[in-house]
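Observations on the three-dimensional arrangement
In case you want the letters, here they are:
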Amino acid sequence: MRFNLVLRDTAIPVGEAGAVLGRSRACTVRLEGDEVSRRHARIEVVDGIATIEDLGSVHGVRVNGEPVTGRRPLKHNDRITIGSHELRLQIEHSVRPPPRTGPKPLDRFWDDDEDDYGDGETTRRDCLVVLVGPDVAKLLAAGQVEEATRVFDPAFDATLNVVRRTGQLTHGANAQATELTLQLARATGDRRWVDLLLELQTAAKLAPPPPHLEELAAVVEELGTSRLEALGACVERARASVTEGAPVAALARLDAVLRRSAEPDP
């Protein structure tokens, strides 16, 4: 089964990695116009079903004239309207797999696109860790650690650069970044991921979400970190929002790591 977006008689393939539509020069499908957000919408294909999601755009997305809310399934010949542009989804049924003609759409990262990032609060959640998160999670679940690292590494780096400049990261993006970086740290045995996560949260002045504190404690105990000062600051920020249960125990474990690191070598 093949999925194509048809725009002005041009068919644009949509593979398993999906497609991002918007005004940014880094989008898979680039659309011009004041009513098009830089990263406007995302199309995904999972188990032979295509869906579209509005990435918090200002002017919205319509399918067959109806506004899109949440993630909407798409059918053959559905009309997608973004700004003044109308695209049509074309589904071809075939027993032969489509040829690989180039990189996956989401292999195009926005490393050089930092000055063309978002339209304010309405689209800020559309950061790169959110865009590639579902693909990375699937790769990790399938045991494809090297491929997951290859996909996530440049996306995380680009997001970190943006957060360093803006000091802003949504709680949803922070949760996704925390979950995926800790999974990668576990899978690779590389504490670099812990260091990068702490650097991201320091730049955003955020803490690991409470549900992830136990995993953070376990990974730090196992792999360590070279960002002890950043870890201490994250622990203090987390302590302000945690009052009971497992997260409190996780904070105590992280406190113990910090105390041990401060002790002089015998």
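Before reading further, recall that the structure is shown in the block above.
Below is a short write-up of the structure. (Residues numbered from 1 in each chain as written. Predicted model: local features only at pLDDT ≥ 70, side-chain atom pairs only at ≥ 80, totals over all residues. Heavy atoms only, no water.)

Moving on: helix α7 (residues 246-262). In an α-helix, one turn spans 3.6 residues; hence positions three or four apart end up facing the same way. Between its first and last C-alpha, α7 extends 25 Å over 17 residues, near the 24 Å set by a 1.5 Å rise per residue. Of all the residues in α7, the buried ones are P247, A250, L251, L254, D255, A256, V257 and L258. On the buried face of α7, the contacting elements are α5 (213-223) and α6 (228-239). (Helix = DSSP H or I, 4+ residues; strand = E, 2+ residues; numbered from the N terminus. Expected span 1.5 Å × (residues − 1). Buried < 20%, exposed > 50% of the residue type's maximum accessible area, 1.4 Å probe, protein only. Contact = heavy atoms within 4.5 Å.)

Here the focus is the sheet that holds strand β5 (residues 41-46). Strand order in the open sheet made by the five strands is β4-β3-β5-β6-β9, with mixed pairing throughout. In the strand order of this sheet, the two ends are held by β4 (29-30) and β9 (71-73), each with one partner. As paired elements, strand β3 (residues 19-22) and β4 share two bridges and run parallel to each other. What sits directly across from G22, in β4, is R30. (Pairing = 2+ DSSP bridges.)

With that settled, the discussion passes to the nonpolar core. Within the largest apolar cluster, 44 residues are counted, with the highest numbers of intra-cluster contacts made by V136, F152, F156 and L254. Among the secondary structure elements, those contributing two or more residues to this core are α1 (128-141), α2 (145-166), α3 (171-188), α4 (192-204), α5, α6 and α7. Every residue in contact with L254, bar those within four places of it in the chain, is listed here: L216, A217, V220, L231 and V235. A41, I43, V68 and I80 belong to the second largest nonpolar core, which has 24 residues in total. (Core = buried A, V, L, I, M, F, W, Y, C linked by side-chain atoms within 4.5 Å.)

This part is about the environment of V63. Note on placement: V63 falls in strand β7 (residues 62-63). On the basis of relative accessibility, which here comes to 0%, the residue V63 falls in the buried class. Between the alpha carbons of V63 and I80 there is a distance of 4.6 Å; along the sequence they are 17 residues apart.

The N-to-C vectors of α4 and α6 enclose an angle of 60°; their axes lie 9 Å apart at closest approach. Considered as vectors, α4 and α6 are oriented oblique to each other. Where α4 crosses over α6, the two elements pack in a sense that is left-handed. From α4, L198, Q201 and T202 reach across to α6, where they touch A230, L231, C234 and R237. Split by residue class, the contact of α4 with α6 holds four nonpolar, two polar and one charged. (Axes fitted to C-alpha atoms, helices over the stretch in contact; angles between N-to-C directions. Parallel < 35°, antiparallel > 145°, perpendicular 65-115°, else oblique. Left-handed = near helix turned anticlockwise from the far one by under 90°. Nonpolar A, V, L, I, M, F, W, Y, C, P; charged D, E, K, R; others polar.)

Counted according to the given criterion, the structure contains 18 salt bridges. The partner of R79 in a salt bridge is E86, and the shortest N-O contact between them spans 3.7 Å. Residue R79 is classed as partly exposed on the basis of its relative accessible area of 35%. For R227, the salt bridge goes to E199, with nearest N and O atoms at 3.7 Å. Pair noted here: R227 is in the loop between α5 and α6 and E199 is in helix α4, with a separation of 28 residues, a long-range link. The class for R227 is partly exposed, based on a relative accessible area of 35%. We classify E199 as partly exposed; its relative accessible area is 22%. (Salt bridge = Lys/Arg side-chain N within 4 Å of Asp/Glu carboxyl O.)

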